[in-house]
Amino acid sequence: YDTNSNFFGKIHTLSAGDTITLTTALGSRTYTVDSVEKVDETDTSGTQPTAGSCLTLYTCVMNERDYRWCVRGYEV
């Protein structure tokens, strides 16, 4: 565990239409960003079931402990 990693450090700079590629040992999938929102830390609406293949990413907002960035994308 590396506490200096900053994988999502610029996640808030994504825009609708940008792409995210998720790569695992099983292969890669590409998602088109649909939304980037600053949400309350208790907002878990991004974990609700969706009709299509969806990727939802949550991360902290620097210096704003009550908020999270929520990025949602749908598989291309």
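Looking at the packing of aromatic side chains
- The final tally for this structure, using the stated rule, is zero aromatic pairs.
- In this arrangement the basic side chain of K38 is found over the ring face of Y67, its NZ or CZ atom lying 5.6 Å from the centre.

Topic: the layout of surface pockets
- Estimated volume of the largest pocket: approximately 220 Å³.
- Residue lining of the largest pocket: N6, F8, G9, H12, T59, C60, V61, M62 and W69, and that is the complete set.
- Class assignment of the residues belonging to the lining of the largest pocket gives a composition of five nonpolar, four polar and no charged.

Re the sheet that holds strand β4 (residues 67–75)
- One open sheet accounts for four strands, arranged β1-β2-β4-β3; its pairing is antiparallel. Single-partner strands in this sheet number two, and they are β1 (19–24) and β3 (54–60). Adjacent strand axes in the sheet meet at a mean angle of 35°, parallel and antiparallel pairs treated alike.
- Taken together, the six bridges between β1 and strand β2 (residues 27–40) define a ladder with antiparallel strand orientation.

Looking at unusual backbone geometry
- Although it is not a glycine, N63 adopts a positive phi angle of roughly 65°.
- Relative to the assigned elements, N63 resides in the loop between β3 and β4.

Definitions and cut-offs
Residues numbered from 1 in each chain as written. Predicted model: local features only at pLDDT ≥ 70, side-chain atom pairs only at ≥ 80, totals over all residues. Heavy atoms only, no water. Phe/Tyr/Trp six-rings, centres within 6.5 Å; stacked < 30°, edge-to-face > 60°. Lys NZ or Arg CZ within 6 Å of the ring centre and 35° of its normal. 1 Å grid on protein atoms, 1.4 Å probe; cavity = no way out; pocket = protein on both sides within 12 Å on 5 of 7 lines; lining within 4 Å. Points joined across faces, edges and corners; volume = space filled by probe spheres on them. Nonpolar A, V, L, I, M, F, W, Y, C, P; charged D, E, K, R; others polar. Pairing = 2+ DSSP bridges. Helix = DSSP H or I, 4+ residues; strand = E, 2+ residues; numbered from the N terminus. Axes fitted to C-alpha atoms, helices over the stretch in contact; angles between N-to-C directions.

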